Amino acid sequence: MERGKRETVAGRAIKLWTGAIFAAFLAAAAVYMALLQAEKNVLSEYERAQAWVAIKEIPAGELLTEANAKEYFTSVLVDAQLVPETALESEEEANGFVAVATIEKGVLLTKGMFQPIEEITKGMQEPVVAGFKAEDLSQVVGGVLRAGDRIHVYASEEEGTTLIWENVYVQQVFDANGHVIGNEDQETAAQRINVFLDKDEVEAFYSRLDRGSLRVVKIWETGGKE
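Residues numbered from 1 in each chain as written. Predicted model: local features only at pLDDT ≥ 70, side-chain atom pairs only at ≥ 80, totals over all residues. Heavy atoms only, no water.

Asks: Can you walk me through the packing of aromatic side chains in this structure?
Replies: Aromatic ring pairs are defined here through the distance separating the ring centres and the angle between the ring planes. The tally for this structure, following the rule as stated, stands at five aromatic pairs. Centre to centre, the rings of Phe132 and Phe205 are 5.5 Å apart; their planes meet at 65°, and the pair counts as edge-to-face. With Phe132 in strand 5 (residues 127-133) and Phe205 in helix 4 (residues 199-210), this pair connects stretches of sequence that are 73 residues apart. Its relative accessible area of 2% is what places Phe205 among the buried residues. Taking 5.4 Å as the distance between ring centres and 80° as the angle between the ring planes, the aromatic pair formed by Phe205 and Tyr206 counts as edge-to-face. In this structure Tyr206 comes out as partly exposed when scored by relative accessible area, which is 30%. By the ring-pair criterion, three or more aromatic residues cluster together here, those being Phe132, Trp165, Phe205 and Tyr206. (Phe/Tyr/Trp six-rings, centres within 6.5 Å; stacked < 30°, edge-to-face > 60°. Helix = DSSP H or I, 4+ residues; strand = E, 2+ residues; numbered from the N terminus. Buried < 20%, exposed > 50% of the residue type's maximum accessible area, 1.4 Å probe, protein only.)

What follows is the structure in structure tokens.
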């Protein structure tokens, strides 16, 4: 008799524990589902949008093309509220645009950071990039030139100094070792200069350069010269 009672009590205890464990499981499941729904509701409040972000530094004066676009930027999904109306909308939209200033890695790209190559080369029949090295820094305004600057190029002859090319766009500048100089660097002297010229002018440009007769002045934004 005593044994039967003990078995009955033990059976009830097991049933109670089983019921408690099952109830706890149901409660945990309910909490988990509630948390998932809360997370879903929070995330749904933020609309996502595609944006284009620099994956490496884009130097000032860099011309973006189909060939180098993937090297410089990629598409990501971000909070739509962070995307300005002027944001770059497609990879194709950047093709043929030049960086106005150095763009740091991770920056969300906007149209105002670039200008069409046509604005720089308008009036040219066949624009090309011509590079030259200044043996004497006095030839290139003491080395202060940076990408995006506009310059006038003069030729010094026996009969005097003549303006040969005006309002020439500096595409990129380099130090004596050929390393690109960013616009944020105001100390390093630019000794190698890339500029946009019309293809028909390149031969005359290098011919005068070989004679050491070319001198450059920088056009300041105020309209003055250095």
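Asks: Just checking my understanding: could you explain the layout of surface pockets for this structure?
Replies: Here the idea is plain: a probe the size of a water molecule rolls over the atoms and shows the empty space left. A volume near 230 Å³ is recorded for the largest pocket. Forming the boundary of the largest pocket are 15 residues, of which Ile120, Met124, Glu166, Asn167 and Val168 lie nearest the centre. Counting residues per element, the ones that place at least two in the lining of the largest pocket are helix 3 (117-121), strand 7 (160-174) and strand 8 (192-198). Ranked by residue count, the leading element in the lining of the largest pocket is strand 7, at five residues. (1 Å grid on protein atoms, 1.4 Å probe; cavity = no way out; pocket = protein on both sides within 12 Å on 5 of 7 lines; lining within 4 Å. Points joined across faces, edges and corners; volume = space filled by probe spheres on them.)

Asks: What am I meant to see in the pattern of salt bridges here?
Replies: It is possible for side chains bearing opposite charge to pair when their charged atoms get close. Scanning the entire structure with this criterion turns up six salt bridges. One salt bridge in this structure joins Lys111 and Glu93, with 3.6 Å as the shortest N-O distance. In this pair, Lys111 is assigned in the loop between strand 3 (97-99) and strand 4 (114-116) and Glu93 in the loop between strand 2 (73-79) and strand 3, connecting sequence segments 18 residues apart. Glu93 sits in the partly exposed class, given a relative accessible area of 26%. Here Lys199 and Glu126 are joined by a salt bridge, their closest N and O atoms 3.8 Å apart. Placement of Lys199 in helix 4 and of Glu126 in the loop between helix 3 and strand 5 is noted, with a sequence separation of 73 residues between them. Taking relative accessible area as the criterion, Lys199 reaches 45% and is therefore assigned partly exposed. Overall, Glu126 belongs to the partly exposed group, its relative accessible area being 44%. Overlapping salt bridges bring together Glu89, Glu93 and Lys111 as one network. (Salt bridge = Lys/Arg side-chain N within 4 Å of Asp/Glu carboxyl O.)

Asks: Hey, could you run me through the side chain of Thr110 in this one?
Replies: Topologically, Thr110 is positioned in the loop between strand 3 and strand 4. On the basis of relative accessible area, Thr110 is assigned to the buried category, the value being 14%.

Asks: Whenever I open this one, the sheet that holds strand 7 confuses me. Can you help?
Replies: Taken together, five strands build an open sheet; the order of strands is 5-8-7-6-9 and the sheet is antiparallel. The two strands at the open ends of the sheet, each matched to only one other strand, are strand 5 and strand 9 (214-219). Between one strand and the next, the sheet's axes are offset by a mean angle of 40°, whatever the strand orientation. Here strand 6 (residues 150-157) pairs with strand 7 via seven bridges, running antiparallel. Within the sheet, the bridge partner assigned to Arg150 lies in strand 7 and is Tyr169. (Pairing = 2+ DSSP bridges. Axes fitted to C-alpha atoms, helices over the stretch in contact; angles between N-to-C directions.)

Asks: Help me out: how do you make sense of unusual backbone geometry in this one?
Replies: With glycine set apart, most residues show a phi of negative sign, and most peptide bonds adopt trans. Located in the positive-phi region is Asn167, a residue other than glycine, with phi close to 55°. The topology assignment puts Asn167 in strand 7.

Asks: Explanation requested: the nonpolar core in the structure shown.
Replies: One broad trend across soluble globular proteins is that nonpolar side chains are buried collectively. Counting residues in each nonpolar core, the largest one holds 22 residues, and the members touching the most others are Phe132, Leu145, Ile151, Ile193, Val195 and Val216. Every element with two or more residues in this core is listed here: strand 5, strand 6, strand 7, strand 8, helix 4 and strand 9. Sorting elements by how many residues they give to this core places strand 7 first, with four residues. Each residue touching Phe132, except ones within four places of it in the same chain, is listed here: Val140, Gln191, Arg192, Ile193, Val195, Phe205, Leu209 and Val216. In terms of nonpolar packing, the next biggest core, distinct from the first, is built from 13 residues, Ala54, Phe73, Leu88 and Ala94 among them. (Core = buried A, V, L, I, M, F, W, Y, C linked by side-chain atoms within 4.5 Å. Contact = heavy atoms within 4.5 Å.)

Asks: Where do I start with the environment of Val180 in this structure?
Replies: Mapped onto the elements of the fold, Val180 is located in the loop between strand 7 and strand 8. Remark: the alpha-carbon pair of Val180 and Pro59, spanning 121 residues in sequence, is separated by 8.1 Å. When sequence neighbours within four positions are dropped, the list of residues in contact with Val180 reads Pro59, Gln172, Val173 and Phe174.

Any functional reading would require information that these geometric values do not contain.
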